[in-house]
Amino acid sequence: MILEVAILNVKIGQEKQFEIDFATAGQFISSIKGYKKHTLQKCLEQNNKYILLVDWESLEDHTIGFRQSVEYLEWKKILHHYYDPFPTVEHYETIIENKK
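Predicted, not measured: the structure shown is a model, and the values here were computed from it.

Engineer: Would you take a moment to explain the pattern of salt bridges for this structure?
Structural biologist: Between side chains of opposite charge, a pair can form as their charged atoms come close. A complete count under the given rule lists 5 salt bridges for this structure. Where lysine 33 meets aspartate 61, a salt bridge forms, and the shortest distance between an N and an O atom there is 3.7 Å. Taken as a pair, lysine 33 in the loop between helix H1 (15-29) and strand S2 (35-42) and aspartate 61 in helix H2 (residues 59-66) lie far apart in primary sequence, 28 residues in all.

Engineer: Help me understand unusual backbone geometry, please; the structure alone is not making it clear to me.
Structural biologist: The bulk of non-glycine residues show a negative phi, and the bulk of peptide bonds are trans. With omega at 0°, the peptide bond leading from aspartate 84 into proline 85 counts as cis. Mapped onto the fold, proline 85 is located in the loop between helix H3 (70-79) and strand S4 (88-93).

Engineer: I'm lost on the environment of asparagine 98 in this one. Help?
Structural biologist: Tracing the backbone through its elements, the reader meets asparagine 98 in the segment after S4. Put simply, asparagine 98 and isoleucine 12 are 86 residues apart on the chain and 37 Å apart in space, counted from C-alpha to C-alpha.

Engineer: Before we go on, may I ask you to explain the sheet that holds S4 in this structure?
Structural biologist: Each strand in a sheet pairs with another by means of backbone hydrogen bonds, the pair being arranged parallel or else antiparallel. Strands sit in the order S2-S3-S1-S4 across an open sheet of 4 strands; the sheet is antiparallel. Both outer strands of the open sheet, S2 and S4, are each paired with one neighbouring strand and no more. Averaged over all adjacent pairs, the angle separating strand axes in this sheet is 20°, with direction ignored. Sheet topology note: the S2/strand S3 (residues 49-56) ladder contains 7 bridges and is antiparallel. The partner of threonine 39 across the bridge, within S3, is leucine 53. Strand contacts of H2: strand S1 (2-9), S3 and S4, with the helix running at about 145° to S4, the strand carrying the most contacts.

Thresholds, definitions, all that
Here, residues in each chain are numbered from 1, in the same order as that chain's written sequence. Only residues with pLDDT of 70 or above have their local features reported here, since the model is predicted, and side-chain atom pairs are shown and tallied only from 80 upward, although totals for entire chains, interfaces and linings are computed over all residues. Note that water and hydrogens are dropped before the side-chain values are worked out from all heavy atoms of the structure. When a carboxyl oxygen of Asp or Glu is within 4 Å of a side-chain nitrogen of Lys or Arg, the pair counts as a salt bridge. Note on conventions: DSSP H or I runs of at least 4 residues are helices, E runs of at least 2 residues are strands, and numbering of each starts at the N terminus. By definition, two strands form a pair when at least two bridges between them are found by DSSP. Note on definitions: angles span 0 to 180 degrees between N-to-C directions of axes, and those axes are lines fitted to C-alpha atoms, for helices only across the stretch in contact. The contact definition used throughout considers only heavy atoms, calling two residues in contact when any of these lie within 4.5 Å.

If you want it as C-alpha cells, here you go:
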C-alpha cells in the first residue's frame, strides 16, 4: 500500500467553499482502480492549511491511473484554483506499523 501526502494551502477566505467542493470532488478520486480511501484534515494553527492523505494499492494507481484519467481533469477543474502555492505531493510506503 502507498500513502499519498499533499499539503494544501488554500487561498485565505476560500476555506469553506473549498471544503464543500472537496467533498464533491471526492467522487472522482474514489472511482479510480487501486484507490482505498482518503482523508482531508484541517490544520489547527493555520486555518487555510490542509493535509490530504490518500491510500492507494500502488504508486502507479495514483501517478498513472488517476493522474492520466478523465476523472482527474474533473478533480483539477473543481479544486486546483484554490491552491496558493500549488501543493507538493509525495508518496510513502509503510516500513513499521504498530497496532494496539
